[in-house]
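Residue-level structural notes
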2 protein chains.
Amino acid sequence: MTTSTTPTDDRSTDAGPHVVFLTAAKGVERSELTGPWEALRAAGVRTSLATPDGATVATVEGDLEPAGDVPADLALADVDAADVDLLVLPGGTVNADTLRLEADAVALVRAVAASGAPVAAICHAPWLLVESDLVRGKDVTSYPSLRTDVTNAGGTWHDDAPVVCRKGGRTLVTARNPDDVPAFSAAILELLGHRDA
Amino acid sequence: MTTSTTPTDDRSTDAGPHVVFLTAAKGVERSELTGPWEALRAAGVRTSLATPDGATVATVEGDLEPAGDVPADLALADVDAADVDLLVLPGGTVNADTLRLEADAVALVRAVAASGAPVAAICHAPWLLVESDLVRGKDVTSYPSLRTDVTNAGGTWHDDAPVVCRKGGRTLVTARNPDDVPAFSAAILELLGHRDA
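Structural notes, computed from the coordinates. Just so it is clear, the model here is predicted, and its values are computed rather than measured. Positions within a chain are numbered from 1, following the residues in the order the chain's sequence is written. Chain letters and ligand numbers both follow the written order, the letters beginning at A and the numbers at 1. Confidence filtering applies because this is a predicted model: local features only for residues at pLDDT of at least 70, side-chain atom pairs given and counted only at 80 or more, and all residues used for totals across whole chains, interfaces and linings. In computing side-chain properties, one takes all heavy atoms of the structure into account and sets aside hydrogens as well as water.

With respect to helix H1 (residues 30-42) of chain A
Residue and element names in this part refer to chain A. Applied cut-off: Helical segments are the DSSP runs of H or I of at least four residues, strand segments are the runs of E of at least two, and each set is numbered from the N terminus. The span expected for a helix works out to 1.5 Å for each residue beyond the first. Throughout this description, buried means an accessible area under 20% of the type-specific maximum (1.4 Å probe, protein chains only), exposed means over 50%, and partly exposed covers the range between.
Its 13 residues place the ends of H1 18 Å apart at the C-alpha level, agreeing with the 18 Å of an ideal helix rising 1.5 Å per residue. Those residues of H1 that sit buried are Arg30, Glu32, Leu33, Thr34, Gly35, Pro36, Trp37, Leu40 and Arg41. Gly44 lies just past H1 and shows a positive phi near 80 degrees.

Section: the relation of the copies chain A and chain B
In this arrangement, two copies of a chain are superimposed by a rotation about an axis accompanied by a shift along the axis. The following threshold applies: Superposing copies: least-squares fit, C-alpha atoms only, residues required to have pLDDT of at least 70 in both. Two residues qualify as a contact provided that any one of their heavy atoms is within 4.5 Å of a heavy atom in the partner residue.
When chain A is brought onto chain B, the operation consists of a screw motion whose angular component is 180 degrees and whose axial shift is 0.0 Å, with 0.0 Å RMSD remaining. The superposition operator between the copies reduces to a two-fold rotation axis. A shared binding surface is used by both copies, with 100% of the interface residues of chain A retained as interface residues in chain B.

Here's the deal with the interface of chain A and chain B
So the rule is basically this: Throughout, buried area stands for the accessible area (probe radius 1.4 Å) lost by two parts on being put together, summed over both. A carboxyl oxygen of Asp or Glu within 4 Å of a side-chain nitrogen of Lys or Arg is what we treat as a salt bridge.
With 23 residues of chain A at the interface, the matching set in chain B holds 23 residues. Overall, the association of chain A and chain B removes approximately 1800 Å² of surface from exposure, summing both partners, and the carbon and sulfur fraction of that is 57%. When the buried surface of chain A facing chain B is broken down by residue, Leu64, Asp97 and Asn152 of chain A rank first, second and third, together holding 29% of it. Seen at the junction of chain A and chain B, the total is two salt bridges. The shortest N-O distance in the salt bridge between Asp149 of chain A and Arg100 of chain B comes to 2.7 Å.

What to know about helix H6 (residues 181-191) of chain B
Residue and element names in this part refer to chain B. Looking only at H6, the buried set comprises Val181, Phe184, Ser185, Ala187, Ile188 and Leu189. Turning to H6, the residues buried within the fold contact helix H1 (30-42), strand S7 (86-89), strand S8 (119-122), strand S11 (163-165) and strand S12 (172-175). Gly193 sits one or two positions beyond H6 and adopts a positive phi of about 100 degrees.

Regarding unusual backbone geometry
All names here are of chain A. In this structure, Pro162 follows Ala161 across a cis peptide bond, with omega equal to -5 degrees. Structurally, Pro162 can be placed in the loop between strand S10 (156-157) and strand S11 (163-165). A positive phi is found at Cys123, a non-glycine position, where the angle reads about 70 degrees. Following the sequence through the fold, Cys123 ends up in the loop between strand S8 (119-122) and helix H4 (126-131).

What about the sheet that holds strand S5 (residues 65-70) of chain B?
Residues and elements named next belong to chain B. Quick note on the threshold: Any two strands between which DSSP finds at least two bridges are classified as paired. Here the axes come from fitting lines to C-alpha atoms, over the contacting stretch only for helices, and the angles between their N-to-C directions go from 0 to 180 degrees.
Spatially, three strands are ordered S2-S4-S5 in an open sheet, and the strand pairing comes out mixed. Edge positions in the sheet fall to strand S2 (26-29) and S5, since each has one partner strand and no second. Averaged over all neighbouring strand pairs, the angle between strand axes comes to 45 degrees, with direction disregarded. Examined bridge by bridge, strand S4 (residues 57-61) and S5 share four bridges and lie antiparallel to one another.

Description of the environment of Ala186 of chain A
Residues and elements named next belong to chain A. Its location among the elements puts Ala186 in helix H6 (residues 181-191). A relative accessible area of 27% places Ala186 in the partly exposed class. Along the sequence, Ala186 and Ala39 sit 147 residues apart, while their C-alpha atoms lie 8.1 Å from each other.

Examining the pattern of salt bridges
Under the criterion given, the structure shown has twelve salt bridges over all chains. A salt bridge links Arg136 of chain A to Asp133 of chain A; the nearest nitrogen and oxygen atoms lie 3.0 Å apart.

Structural notes on the packing of H1 of chain B against H6 of chain B
In a packed pair of helices, the relevant descriptors are the angle between the two axes and the axis-to-axis distance. Residue and element names in this part refer to chain B. Quick reminder of the rule: Orientation labels follow simple angle bins: below 35 degrees gives roughly parallel, above 145 gives roughly antiparallel, 65 to 115 gives roughly perpendicular, and whatever is left gives oblique. Helix crossings get a hand from a simple test, with the near helix turned counterclockwise from the far one by less than a right angle marking a left-handed crossing and a clockwise turn marking a right-handed one. All residues other than Ala, Val, Leu, Ile, Met, Phe, Trp, Tyr, Cys, Pro, Asp, Glu, Lys and Arg, Gly among them, are scored as polar; the first ten of these are nonpolar and the last four charged.
The geometry of H1 relative to H6 is characterised by a closest axis approach of 9 Å and an angle of 45 degrees between their N-to-C directions. The orientation of H1 relative to H6 falls into the category oblique. Taken as a pair, H1 and H6 cross one another with a handedness that is right-handed. Along the contact surface, H1 presents Ser31, Glu32, Gly35, Pro36, Ala39 and Leu40, while H6 presents Val181, Phe184, Ser185, Ile188 and Leu189. Among the residues forming the contact of H1 with H6, the class breakdown is seven nonpolar, three polar and one charged.

What follows is the structure in structure tokens.
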């Protein structure tokens, strides 16, 4: 995918794992959405983008610069946690701050984690993990501004990426910022069984 | 002050309490800066706006819409906590998320609180109070997305405004969103001795 296309172009219909991306409709850091999306699509992984009401996502770069719209595939209410093999939570400060107030978003994060499927969150998205009480006893990273919130929620914060933690039978993949997107994407692909990612 | 002027216009030189506003250089919710500023200026209170390096503030409305620049008066390094009679922390998601990473900003918040002067924070700015470990054992409000972070930091969160808490010998004034600006401003003025505010 180039920057002139959108994640929904050339949708793969492969069978195999289904990876759902979940964001708010605004304030989504574009490269943290499109980077992992492109990496998964290139590996033939089936992907869907969900937003609270299925609305198009207004992305940003550096939190405040408009970076174009990305169409969503699904409304949150239409996502069945049992059909999610891995959940990806892209960052963006306003995105993550907005999404953590959506009770259905927090419920989906919890349901996916409870099913045993990995939850991957980058940059400010670990606030969703805090809101879902999933970081307690876990090794986690995030954008550094969340360090105190993650620590206060019972997590152990690391300045490293990707951080993959399987403690307690739930798998979290976390990363710090857009520069970590390649490592974040590779960790996701490895969890999906693409060992040579 | 109208929306076509800036907070530094018509600076008062009154003696009396000195109120310092502290923000990052971007992502500041305009009405949460200009609203309390105008209310204090109208009451003849001496005010200064400090940013990490004294740079002009790029304000926003609704977190993402550009809402004009506001010049700062001081760099953070030039603020003497002993000369601050009350510290105001305006909101804006990106502002607060940025400022909590500035060690000198967190140090100033702590120093002002330790001096016995009130610290007033609205909307997302209570993240600075979390980062400064000032909410432990206190009654606090904020934008609702911070509720979990405030609670995990040891505060008791209230859906009310203004919340004025003097427990532990440190005074915090908190409010939830731009709609609370009049009540937030009145509480600040009352703490400064303007009982009829």
